[in-house]
Amino acid sequence: MNCTWQAGGDAPGDTQYFLYWQNSRYDDAMECELYIKDENGRNTGCRFQNVRIEIEKAYFLVNGSSKGSLIQFYDEYIQLYKTEKLMPPSNITVNCDEIKNYCIIQWQRPQISHSNKNNCFKYEINIKYKVRGISSPTFSINTYVCIYQYTWVKRKKKIRGNSHTFQRPNTRKKYLLKMRAAGSACLVSPAWGEWSAAVEFGKS
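Described below are features of the structure shown in this document. Since the structure is predicted, the reported quantities are computational estimates derived from the model, not experimental observations.

1. Remarks on the sheet that holds strand β4 (residues 35-37)
So, point 1. The strand order across the open sheet formed by 3 strands is β1-β5-β4, and the pairing between neighbours is antiparallel. With partners counted over all chains shown, the strands left at the sheet margins are β1 (2-4) and β4, one partner each. Recorded for the sheet is a direction-independent mean angle of 25° between the axes of neighbouring strands.
So, point 2. Direction of pairing for β4 relative to strand β5 (residues 43-47): antiparallel, over a ladder of 3 bridges. The residue bridging Ile36 from the neighbouring strand is Gly45, located in β5.

The following block contains the structure:
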């Protein structure tokens, strides 16, 4: 987790900043252990490692010091899970039945420290025809995204669970699939996370 701030517009040149935080009311306040510095050596951020996300809001305080003047502090309570950016689903596989013309898409949920339940996530699956270009494969201009098991429309499908059945409209085409996740319940960020790398499946 990274936390950054900007120096005050009227802050003297010798101003230095220090961040303190408290993960919950039961924890002791701690100073940042790994500051991010600008070209002048001024602290402008902090890198946190192995952060434990709690139900309560975490408390952050940025204090400033200068030899010539008093510096206004800044503090804020933040629910950390709302700021988390989810990694994409992992171990995405696609297995197709060449007789019945459907494919089973399976994946594993993003790994986060504060939730191990599959029902805490929803997923977006984007599937496009693969078109061979002159130099490298590209996406087709027309974007079709699987919304229901047997329907293709120009919109996106929000899916829960760890598998999805995709009915191929054209068994002679090769496809590119990518996925991303968001929280649907629990203490998981509702914002959409990173897209996965494209997974290729189908015939050439």
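2. A few points about the state of the cysteines
So, point 1. Taken as a whole and assessed by the stated rule, the structure comprises 2 disulfides.
So, point 2. One disulfide in the model links Cys32 with Cys46; its S-S distance is 2.1 Å. Residues Cys32 and Cys46 are joined by a disulfide whose S-S torsion is about 100°; by sign, that bridge is right-handed. Of the two residues, Cys32 sits in the loop between β3 (30-31) and β4 while Cys46 sits in strand β5, which places them 14 residues apart along the sequence.
So, point 3. Here Cys96 pairs with Cys103 through a disulfide, and the sulfurs are 2.1 Å apart. Because the torsion about its S-S bond is 100°, the bridge between Cys96 and Cys103 counts as right-handed.
So, point 4. A disulfide-free cysteine, Cys3 has its sulfur positioned 7.0 Å from the sulfur of Cys46, the nearest such atom.

What counts as what
- Residues numbered from 1 in each chain as written.
- Predicted model: local features only at pLDDT ≥ 70, side-chain atom pairs only at ≥ 80, totals over all residues.
- Heavy atoms only, no water.
- Pairing = 2+ DSSP bridges.
- Helix = DSSP H or I, 4+ residues; strand = E, 2+ residues; numbered from the N terminus.
- Axes fitted to C-alpha atoms, helices over the stretch in contact; angles between N-to-C directions.
- Disulfide = S-S within 2.5 Å.

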